Amino acid sequence: MMGLIFAKLWSLFCNQEHKVIIVGLDNAGKTTILYQFLMNEVVHTSPTIGSNVEEIVVKNTHFLMWDIGGQESLRSSWNTYYSNTEFIILVVDSIDRERLAITKEELYRMLAHEDLRKAAVLIFANKQDMKGCMTAAEISKYLTLSSIKDHPWHIQSCCALTGEGLCQGLEWMTSRIGVR
Ligand SMILES: Nc1nc2c(ncn2[C@@H]2O[C@H](COP(=O)(O)OP(=O)(O)OP(=O)(O)O)[C@@H](O)[C@H]2O)c(=O)[nH]1
Ligand SMILES: [Mg+2]
């Protein structure tokens, strides 16, 4: 009983924020996902220059989410966002087969970065509404996710336009908190 009360008080007063970075190539759907999380609606986006940051609260868990521009010229500055990151959300455009190799390079570059050594990775296989898109299983295989042993990871298929799959991704993130 005391333990329960203490836990409640702890969660009330210790409203700590968990830092999340949303990365992926340009046009993957990162900004669309961020604003689906925030407002449950599709906003009109233009390519992000720099970043957007929003606080997203899921079941009393506060996430500070940084949505970072994915254009080629901007990727070299992703690392300025890395410190204290607990979660990486990597958004993949599931119809963009040609550029999955670039996503793979970026993924492994991030995983090797010192500032991200404690980060868990959620991969969104976005745009599942597109005809002929790759499935989460195909993307997982191509990115050789099963070889990743030093970071917790999870892949979730989704469609940012309808919001399908997004909650499941967030649930995986909240389930990770307190595990470490
Ligand atoms: N069909 C479809 N289109 C999507 C989906 N998610 C996003 N889009 C569209 O993809 C385009 C790019 O979306 P953004 O959210 O701006 O992409 P981004 O990853 O933020 O791009 P940068 O800011 O340039 O890095 C927009 O036209 C979105 O409406 C989806 O699930 N399905
Ligand atoms: Mg954007």
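Small disclaimer: the values here were computed from a predicted structure and weren't measured. (Residues numbered from 1 in each chain as written. Chains lettered and ligands numbered in written order. Predicted model: local features only at pLDDT ≥ 70, side-chain atom pairs only at ≥ 80, totals over all residues. Heavy atoms only, no water.)

Topic: the coordination of the magnesium ion (ligand 2)
Right, on to step 1. For the magnesium ion (ligand 2), the full set of protein donor atoms is T31 (OG1) and T48 (OG1), at a range of 2.0 Å. Highlighted residues: T31 in helix α2 (residues 30-39) and T48 in the loop between α2 and β2 (51-58), separated in sequence by 17 residues. Each member of the pair, T31 as well as T48, carries the same accessibility label: buried. (Donors = N, O, S within 2.8 Å, 3.2 Å for Na, K, Ca; no water. Helix = DSSP H or I, 4+ residues; strand = E, 2+ residues; numbered from the N terminus. Buried < 20%, exposed > 50% of the residue type's maximum accessible area, 1.4 Å probe, protein only.)

So, unusual backbone geometry
Right, on to step 1. Even without a glycine there, the phi angle at N27 is positive, about 75°.
Right, on to step 2. Within the secondary structure, N27 sits in the loop between β1 (17-23) and α2.
Right, on to step 3. For N27, a relative accessible area of 57% puts it in the exposed group.
Right, on to step 4. If you check the backbone angles, K127 has positive phi at about 65° while not being a glycine.

Some points on the UniProt feature "binding site: Mg(2+)" (unreviewed entry) in the protein
Right, on to step 1. Per the UniProt annotation, the sites labelled "binding site: Mg(2+)" (unreviewed entry) are T31 and T48. A compact arrangement is adopted by the annotated residues: their sequence extent is 18 residues, whereas the largest C-alpha distance between any two is 7.6 Å.
Right, on to step 2. Overall, the relative accessible area of 13% leaves T31 in the buried class.
Right, on to step 3. Setting aside residues no more than four positions away along its own chain, T31 makes contact with T45, T48, N52 and D67. (UniProt positions renumbered as here; feature names shortened; annotations may be inferred. Contact = heavy atoms within 4.5 Å.)

A closer look at the pairing of strand β5 (residues 120-126)
Right, on to step 1. Of all the 7 residues making up β5, 7 are buried; the element is thus mostly covered by neighbouring parts of the structure.
Right, on to step 2. Residues A120, L122, F124 and N126 point to one face of β5 and V121, I123 and A125 to the other, with burial holding for every one of them.
Right, on to step 3. Here strand β4 (residues 87-93) runs beside β5; their pairing, made up of 7 bridges, is parallel. If you follow D93 over to β5, its bridge partner there is N126.
Right, on to step 4. In this fold, the crossover linking β4 to β5 by way of helix α4 (residues 100-111) has right-handed handedness.
Right, on to step 5. Inspection of the sheet shows β5 paired to strand β6 (residues 153-157) by 5 bridges, in the parallel sense. Across the sheet, F124 pairs through a bridge with Q156, a residue of β6.
Right, on to step 6. With helix α5 (residues 136-142) bridging β5 and the parallel β6, this β-α-β connection has right-handed handedness. (Pairing = 2+ DSSP bridges. Right-handed = clockwise from strand over helix to strand, strands pointing away.)

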